[in-house]
Number of protein chains: 2
Amino acid sequence: MHTLPTLLSKIASYAASNPFPARPQALYEPCDYILALGGKRLRPALVLMAYELFAEDVERALPAAWAVELFHNFSLMHDDIMDAAPLRRGQPTVHTRWNTTAGILSGDAMLIYAYRHLAAAGDPGVVASLLQTFNRVATEVCEGQQYDMDFETRDAVSLEEYLHMIELKTAVLLGGALEMGALCACAPRPDADHLYHFGRMAGIAFQIQDDLLDTYGNPAKFGKQVGGDIMQNKKTYLVLKTLETAPPPDRQALAQWLQTGADAPGKVDAVRALFDRNRIPALAAAEKQRFQKEAFGHLAAVQAPEARKAVLQQTVADLLEREF
Amino acid sequence: MHTLPTLLSKIASYAASNPFPARPQALYEPCDYILALGGKRLRPALVLMAYELFAEDVERALPAAWAVELFHNFSLMHDDIMDAAPLRRGQPTVHTRWNTTAGILSGDAMLIYAYRHLAAAGDPGVVASLLQTFNRVATEVCEGQQYDMDFETRDAVSLEEYLHMIELKTAVLLGGALEMGALCACAPRPDADHLYHFGRMAGIAFQIQDDLLDTYGNPAKFGKQVGGDIMQNKKTYLVLKTLETAPPPDRQALAQWLQTGADAPGKVDAVRALFDRNRIPALAAAEKQRFQKEAFGHLAAVQAPEARKAVLQQTVADLLEREF
């Protein structure tokens, strides 16, 4: 059993000992660049924490852990092109610093490298089972990104569709990371499944929280511009809940704001007032709580000593209790 | 043992029985579209032919064969974006018919689906060995595409560098397809290696031939515009061989033509005359012959009954004997 900081330093060591090739430089430099931008390394840490529920020698789970991190960064590199995002973590995105071609091809190479680390993640039986999970989750992440883009141009999106989209785009990779850690340790299938659902449900809760923070977060603590989702007319949980539950005049008012540009005067305050009047923050918090509770129910069902669950439990609880 | 047409119909049946999901439609429609544009299905056929050197029940090699074809089409979809190609096989490319975003994300999904078929290609031991080969070759194809793009903006490219680039970008996938067929049949490692080198060497010979055909092909039989490489200043085998072997005045003349636009009057005839004067077509044909001979030496070394090699031998020989 190791603490989160110890696990993170093991991940950093593994990455340092397994660099990308030096050439062709233009292919691999953007891969090094996006990884150097940082990030919490949450997903690989989840792989290791799940592994440590069942086995010692956590080093054996490092190839699978790094595969998950490379996949995550591949998806960021390609999503940034698709979203035309100029910045990531305060630095120029790959396609901005280089060009779209670099973003596409280096992303492809990074995805293939994820599979290379996966192929080194154990004996053939373990690799085959990891591959099943990884492929399923990777497909779902692409599908989630597609639905997210579809929703931008669609008028009516239901709350159910939205929850399904964030499940695919964000939550299944957290679940998949935990499932893969269990598979590396040859844990029983039911435990691997419970861990998957723990991560998946926690991921949905996390995303609802993220929607709340974007509108109600403390500007000093929230990394992005508070109110950004409202300015960009994003169909968040808050918007869709309002459109489903508010009385018709409020729905119409919100629908009208969604037709305006990012700099329409008074937009953020007006939309926030519509949310407040309809108790949307409380409803969203309750929904988040519901997913969170279900998530921890799955963790409780995993057949492993409670003491071994402490690091995982605390890490996920911390994530879900960020201040508003 | 089956004929090429029979193998192709088995590939078509497998593809028809294993369609992409219906939804999200915008994600999978471009995948169906590029596959429906056709192509010779050479790579999956090579997987099956290699398998049939060692084993019956060729159906068992179909998942690996289809994985290779999906990988090939993924690389076409992304390369078309990077090359800003408007047409493929006479039809609009995916990013032209839809948009760049669709080309990126659908390509990603197709690559992941290649790995899904691979994961279904046999018992865990076979899958693990297939994954090693597939990952190695997939990485090399990305590296080849990067070198190809690097060469466009570089002044001096050596013939050696060019041969290495076409080996990575084109040839290793043909070799990898044959190696994977052997691995599906649990063939001995030396035979799998000989098949890999057979495909790799034949692939280089094929690419040199393609460079020759682009300048000297029969316009009625060659699919593309004859002289297209010259118009676009492509650094082909013919150009690089001239720059390495011709006397200085001819090198300078060629270097000057390489600075002109596609529609410079008399360009194609003048460059062709420079090639002819320096016997470049004969030198290229000899180089092609050298690779071809080495390729068939590897096929001869494979420990399988000669009768079983007939279909593979004929298919590759036909490819390499297209008319000028």
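Since this is a predicted model, take the numbers as computed values, not measurements. (Residues numbered from 1 in each chain as written. Chains lettered and ligands numbered in written order. Predicted model: local features only at pLDDT ≥ 70, side-chain atom pairs only at ≥ 80, totals over all residues. Heavy atoms only, no water.)

**Topic: the overall build of chain A**
As a reminder, the rule being used: By the criteria applied, helices consist of DSSP H or I runs no shorter than four residues and strands consist of E runs no shorter than two, each listed in order from the N terminus. Values of the radius of gyration come from C-alpha atoms, whereas the globule rule sets the reference at 2.2 Å times the count of residues to the power 0.38. The rule is simple: take the accessible area with a 1.4 Å probe, protein chains only, and divide by the maximum for that residue type; under 20% is buried, over 50% is exposed, in between is partly exposed. The contact rule is simple, with two residues in contact once any of their heavy atoms fall within 4.5 Å. Here the accessible surface of atoms and residues is derived via Shrake-Rupley with a 1.4 Å probe, and residues count as covered only by protein chains that are part of the display.
Counting its secondary structure elements, chain A contains 15 helices and two strands. Taken against the 2.2 N^0.38 rule, which gives 20 Å for 324 residues, the C-alpha radius of gyration of chain A at 20 Å falls within 12% of a compact globule. In terms of overall dimensions, chain A has C-alpha extents of about 60 × 45 × 35 Å along its principal axes. The 324 residues of chain A split such that 57% are buried. In chain A, of all internal contacts separated by at least 6 residues, the share reaching a separation of at least 24 is 73%. Put simply, chain A shows about 13100 Å² of open surface, and 53% of that area lies on carbon and sulfur atoms.

**Notes on the pattern of salt bridges**
All names here are of chain A. To keep it simple, the criterion reads: By definition, a salt bridge exists where a carboxyl oxygen of Asp or Glu is found within 4 Å of a side-chain nitrogen of Lys or Arg.
According to the stated counting rule, one finds 30 salt bridges over all chains in the structure shown. For glutamate 179, the salt bridge identified is with arginine 189, shortest N-O distance 2.7 Å. Highlighted residues: glutamate 179 in helix α8 (residues 159–184) and arginine 189 in helix α9 (residues 189–216), separated in sequence by 10 residues. Here glutamate 179 falls in the buried class, since its relative accessible area comes to 1%.

**Observations concerning the relation of the copies chain B and chain A**
Note the following rule: Alignment of the copies relies on least squares applied to C-alpha atoms, considering only residues that score at least 70 for pLDDT in both.
When chain B is fitted to chain A, the best match, at an RMSD of 0.0 Å, comes from turning it 180° and sliding it 0.0 Å along the axis. The symmetry that links the two subunits is that of a two-fold axis. In terms of proximity to the rotation axis, the leading residue of chain B is proline 124 of chain B, whose C-alpha is 2.6 Å off the axis. Interface overlap between copies: 100% of the residues of chain B at the interface are likewise at the interface in chain A, consistent with a symmetric, same-surface contact.

**Digging into helix α8 (residues 159–184) of chain B**
For the α-helix, the turn length of 3.6 residues means that residues three or four positions removed from each other point alike. All names here are of chain B. Filter applied, for reference: Expected helix span is taken as 1.5 Å per residue step, with the number of steps being one fewer than the number of residues. Think of it this way: the bend at a residue is just the angle between two axes, each fitted to seven residues, one set ending at that residue and the other starting at it.
For α8, built from 26 residues, the straight-helix expectation of 38 Å at 1.5 Å per residue is met to within 8% by its first-to-last C-alpha distance of 36 Å. The largest bend along α8 measures about 50° and falls at alanine 171. Of all 26 residues in α8, 22 are buried, a share of seventy percent or more.

**Focus on the packing of helix α2 (residues 25–36) of chain B against helix α6 (residues 100–119) of chain B**
All names here are of chain B. Here is the rule we go by: Between N-to-C directions, angles cover 0 to 180 degrees, with each direction set by a line fitted to C-alpha atoms, over the stretch in contact for helices. An angle counts as roughly parallel when it lies under 35 degrees, as roughly antiparallel when it exceeds 145, as roughly perpendicular when it falls between 65 and 115, and as oblique in every other case. Each residue gets one of three labels, nonpolar for Ala, Val, Leu, Ile, Met, Phe, Trp, Tyr, Cys and Pro, charged for Asp, Glu, Lys and Arg, and polar for the others, Gly among them.
Axis separation between α2 and α6 bottoms out at 8 Å; the angle between their running directions is 75°. One way to sum up the angle between α2 and α6 is to call them roughly perpendicular. Contacts between α2 and α6 involve Ala26, Leu27, Tyr28, Pro30, Cys31, Ile34 and Leu35 on the former and, on the latter, Leu105, Ser106, Ala109, Met110 and Tyr113. Residues of the contact of α2 with α6, tallied by class, amount to 11 nonpolar, one polar and no charged.

**A word on the state of the cysteines**
Residue and element names in this part refer to chain A. Spelled out, the test is: Pairs of cysteine sulfur atoms within 2.5 Å are what we label disulfides.
As enumerated under the stated definition, the model contains zero disulfides over all chains in all. Between cysteine 184, a cysteine without a disulfide, and cysteine 186, which holds the nearest cysteine sulfur, the sulfur-to-sulfur distance is 8.3 Å. Here cysteine 184 falls in the buried class, since its relative accessible area comes to 9%. Judged by relative accessible area, cysteine 186 falls into the exposed class, the value being 58%.

**Describing the packing of aromatic side chains**
Test applied: Put simply, two rings from Phe, Tyr or Trp (the six-membered ring, in Trp's case) pair if the centres are within 6.5 Å, and we call them stacked under 30 degrees between planes, edge-to-face over 60, tilted for the rest. Any Lys NZ or Arg CZ that is within 6 Å of a ring centre and within 35 degrees of that ring's normal is treated as a charge sitting over the ring.
All chains considered together, the criterion is met by 19 aromatic pairs over all chains. Judged by centre distance (5.2 Å) and plane angle (70°), the rings of phenylalanine 20 of chain A and tyrosine 113 of chain A are edge-to-face. Of this pair, phenylalanine 20 of chain A sits in the loop between α1 (4–17) and α2 (25–36) while tyrosine 113 of chain A sits in helix α6 (residues 100–119), placing them 93 residues apart in sequence. The pair formed by phenylalanine 20 of chain A and tyrosine 113 of chain A is uniform in burial state, with each residue classed as buried. With a centroid separation of 6.4 Å and 35° between ring planes, the pair formed by tyrosine 147 of chain A and phenylalanine 151 of chain A is classed as tilted. Of this pair, tyrosine 147 of chain A and phenylalanine 151 of chain A both sit in helix α7 (residues 124–153), four residues apart, which is roughly one turn of that helix. Residue tyrosine 147 of chain A shares its accessibility class with phenylalanine 151 of chain A, and that shared class is buried. Within the aromatic cluster, the residues linked to one another by ring pairs are Phe71, Phe74, Tyr115 and Phe134 of chain A together with Phe71, Phe74, Tyr115 and Phe134 of chain B. Looking at arginine 290 of chain B, its charged tip hangs above the ring of phenylalanine 291 of chain B, at a distance of 5.0 Å from the centre.

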